[in-house]
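# Structural characterization, general
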Amino acid sequence: MLTLHWIQGGMRHRKGYLDGGLLLWKQSDSDSMLVSLVPTTSRKSVPEVFHLSHVETGFRTPHQPWSYYVYSFFQKHNECLNCWTHLLGMCMALNRATEFAQNHSLLGDPHMWPLTAGLITMVLMYLCSTIAHCFSNRSELVHYTAFMIDYAGIGLFGVGSVILHHHYCHDDAWVNSWLQTNAVVVSVVMGMLVCLCCSASSFLYEPPYPFARTLLQISAVVTIYLWNSVPIVLRLFQYLGAGLWHSSLDHHIQQMIWFAVAGFFFSSDIPQRFFPGKFDFLGHSHQIFHLCIIMVTEKQLDGITHELERLGTKFATMALPTFWNSIGAVILAIIFNGIVVVFCHIYVRDMLAKEKKKD
């Protein structure tokens, strides 16, 4: 069994001397493991790469055991809500996957493979984001690598969105067209470029980061988002011209609005830009960005739910999705983005080693 001991400053434990503010988990057999609550610190006390725009306090102490950052989920710091918001998003995506599984055979029916692929990418995106914000303060190399993993998840979600939209959101005129046939292949390449561009932006620019860095990140993400929105935009033009409408389009439009709002908060640093240090824990623009992304995925799945109802009677006349333009494409995207992360990690590792030698 594990017993919890609070060690106050200046007290001694039979295993040794411990500073105040730490938690000690002691195993009954002998060994003990020291984990968090190491107090947070100010931006002046952490490497510059950890700095967040207009955030002054709440930085976790670098170079602690991995367990410190896991337990920091339950500590007040400036990344805490970023961890929790996308952990919530992952749980919501899993819940939606469960709901879909109750009404559809996600693996047994090939027409549901694109839906399965899209759900997988949503869950992985939220998982990658949660991991990145959880461990980003451990060291400079971990910081860079953690967010490379985050960017890989974003690129992967872009691939999943293309698979969803180009399989379910098209009009009859584009069934089995060149656009629908080649959309997924193009998306895998774009997803890899999202990972590469966003990862490169983290080490090609030095802090304090210029807006060019944000512009590079946004441009890559917006490009794949525009590609995944093509079927919806074509439907909007056609349906508006013909005076037709479908309930799924209401959700797709809301999804686009939430995506635009997410981009605004990601790039604007509002509200903390006007009140530095006042939104270090709650109300930071990145937290709002996370919540907007949750709404993007929720409205996307709401739209797909309505699309499945629209297409239900048409599946019999549609070509079956293949493994490689659904789940297989996601696997390829994971591999390609993983390769990008590995090579960028090696580059940053060598870059930091050279900087250390100079110092």
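Notes on the structure follow. For clarity, every value in this text was computed on a predicted model and none was experimentally measured. (Residues numbered from 1 in each chain as written. Predicted model: local features only at pLDDT ≥ 70, side-chain atom pairs only at ≥ 80, totals over all residues. Heavy atoms only, no water.)

## Focus: unusual backbone geometry
For the record, the criterion: Elements are defined by DSSP. Helices are runs of H or I of four residues or more, strands are runs of E of two residues or more, and each kind is numbered from the N terminus. A 1.4 Å probe rolled over the protein chains alone gives each residue an accessible area, and that area as a share of the maximum for its type sets the label: buried under 20%, exposed over 50%, partly exposed in between.
Here P207 and P208 are connected by a cis peptide whose omega angle stands at 0°. Tracing the backbone through its elements, the reader meets P208 in the loop between α5 (178–204) and α6 (211–242). Phi angles above zero are rare outside glycine, and H54 is one such case at about 65°. Structurally, H54 can be placed in the loop between β5 (32–35) and α1 (66–71). H54 sits in the partly exposed class, given a relative accessible area of 25%. Phi angles above zero are rare outside glycine, and D269 is one such case at about 60°. On the secondary structure map, D269 appears in the loop between α7 (247–268) and α8 (285–311).

## Overview of the nonpolar core
Operational definition: What we call a nonpolar core is a set of buried Ala, Val, Leu, Ile, Met, Phe, Trp, Tyr and Cys residues that are connected through their side-chain atoms within 4.5 Å.
Core analysis: the largest hydrophobic core is formed by 31 residues, its most contacted members being L115, Y168 and L308. For this core, the secondary structure elements donating two or more residues are α2 (80–103), α3 (113–135), α4 (140–168), α6, α7 and α8. Among the elements that make up this core, the one with the highest residue count is α8 (eight residues). Core analysis: the second largest hydrophobic core is formed by 17 residues, Y144, A200, V348 and L352 among them.

## A short note on the pattern of salt bridges
We apply this condition: Here, a salt bridge means any side-chain nitrogen of Lys or Arg that lies within 4 Å of a carboxyl oxygen of Asp or Glu.
Following the criterion strictly, the structure yields eight salt bridges and no others. The partner of E99 in a salt bridge is R96, and the shortest N-O contact between them spans 3.6 Å. Here E99 and its partner R96 are both found in helix α2, three residues apart, which amounts to about one turn of the helix. R96 sits in the buried class, given a relative accessible area of 9%. Residues E298 and R96 are paired through a salt bridge, measuring 3.0 Å at the closest nitrogen-oxygen approach. Note that E298 is positioned in helix α8 and R96 in helix α2, a separation of 202 residues in sequence. Exposure class is identical for E298 and R96. Each is buried.

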